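# A look at the structure
These are the residues of each chain, in order.
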Amino acid sequence: MVVDLAADGGQSGLSMAVVVAGEGLPGLGAKTRVPGFAWGAGVDEVRAQADAVERAWRALGSPDPVGTVACGLSGLDQELFKPLASAVGSRLGARRVVVAGDDLTTHAGALGGGAGAVLNAGTGVVSTAVAGPDRLVRVDAWGYLLGDAGGGSWLGREGLTAALAGADGRHPPTALTERAVARYGELRGFVHELLRSPTMVADVAAFAPDVLACAREGDETAVALSVRAADELVATATATIRRGFPEAAPGSVPFTWTGSVLTATHVVRDQLVRGLATACPAAAPRHPLGGGLEGAALLATGRDLVHLSLAFCQNVAVP
């Protein structure tokens, strides 16, 4: 039996599942998750991403031949989609490969293949509007150093900064300091190691759940950080909707969210929804239907023609 596969991943990990055809969003059968990939350049980046996809396929352990594999992956330049598709097709022996940015597959999964805007705030932040064939708007996704405002890497970094300032006595005491010690150990030694760590972004983003937990418990510093994160995400979502749907009437643009900062807890999400009501009346918030893996599965079926038609999503036939 020929199987179709969906893959979704980035620096923190890559998930793969067998696609189960059905009405609405496709179902997901057997699943696996493997370590992600470091962003590189050119051939090195294609190799790193193809390696991760192949690792997931082997971990899945399916002996069946592959029909279509649809991949939603972060950090890859559009000009590298074709060589990546060729590499994945060759390694998996797939008959057909679909390659897209993970923002596109996340959008497809969250809104079931429909038009609208999706804000993804995980380790990084990317907000995407799909208004029709060949009409896509992308906001942020500038990376941890210059962007990703309000996301996990941003929240973790700001939380650690506050924790260290509290430890020094440069700012009022905060429960974040105790949380940082509990997670990382002695802080000065941790910071020295962090600056040399190849997993620095993930290590910092790992503190974001602690910031949100402290905010739920009422720590003033953590609450202030969660408010700032929500404000940044409101600005990002508002820009996305206004650029994608400039003439939209109030309440006419489907809007939803994905990513751990917004799905693991209501702390930032509730503030985001309240902020949008004032900043962007066109937004019609709703809970997501699925995530990036479900979106990749939708692309694998070939039924989501709007997303497949977008220029940076390439459908490549593999002998």
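Throughout what follows, the structure given in this document is the object of discussion. (Residues numbered from 1 in each chain as written. Predicted model: local features only at pLDDT ≥ 70, side-chain atom pairs only at ≥ 80, totals over all residues. Heavy atoms only, no water.)

Turning next to the pairing of strand 2 (residues 14–20). Buried residues dominate strand 2, accounting for 6 of its 7 residues. Across 5 bridges, the pairing between strand 1 (residues 3–9) and strand 2 is antiparallel. Across the sheet, residue Ala6 finds its bridge partner in strand 2, namely Ala17. (Buried < 20%, exposed > 50% of the residue type's maximum accessible area, 1.4 Å probe, protein only. Helix = DSSP H or I, 4+ residues; strand = E, 2+ residues; numbered from the N terminus. Pairing = 2+ DSSP bridges.)

If you walk through the whole model with that rule in mind, you get 3 aromatic pairs. Considering the side-chain rings of Tyr184 and Phe190, the 4.0 Å spacing of their centres and the 20° angle between planes classify their relative orientation as stacked. Taken individually, Tyr184 and Phe190 each receive the classification buried, so the pair is uniform in this respect. These aromatic residues form a ring-pair network of at least three members: Tyr184, Phe190 and Phe207. (Phe/Tyr/Trp six-rings, centres within 6.5 Å; stacked < 30°, edge-to-face > 60°.)

Let's shift gears to the pairing of strand 5 (residues 96–101). The buried fraction of strand 5 amounts to 5 of the 6 residues, a majority that puts the element mostly inside the structure. Since strand 4 (residues 66–73) and strand 5 lie parallel, the crossover through helix 2 (residues 81–92) that links them has a hand, and here it is right-handed. (Right-handed = clockwise from strand over helix to strand, strands pointing away.)

Here 5 strands make up an open sheet; going across it, the order is 8-7-6-9-10 and the pairing mixed. Each end of this open sheet is capped by a strand with a single partner; those strands are strand 8 (135–140) and strand 10 (283–285). On average, each strand axis in the sheet is inclined to that of its neighbour by 25°, with strand direction left out of account. Where strand 6 (residues 116–121) lies against strand 9 (residues 253–258), 4 bridges are found, and the strand directions are parallel. Among the inter-strand pairings, Leu119 is bridged to a residue of strand 9, identified as Trp257. (Axes fitted to C-alpha atoms, helices over the stretch in contact; angles between N-to-C directions.)

Attention shifts here to the pattern of salt bridges. Applying the stated rule across the entire model yields 11 salt bridges. Across the pair Asp210 and Arg179 runs a salt bridge whose closest N-O atoms are separated by 3.6 Å. Taken together, the residues Asp210 in helix 8 (residues 208–216) and Arg179 in helix 5 (residues 175–184) connect sequence positions 31 residues apart. Residue Arg179 is classed as partly exposed on the basis of its relative accessible area, which comes to 26%. For Glu193, the salt bridge goes to Arg196, with nearest N and O atoms at 2.9 Å. According to the relative accessible area criterion, Glu193 is partly exposed, its value standing at 49%. Several salt bridges share partner residues, and in doing so they unite Asp51, Glu54, Arg58 and Arg91 into one network. (Salt bridge = Lys/Arg side-chain N within 4 Å of Asp/Glu carboxyl O.)

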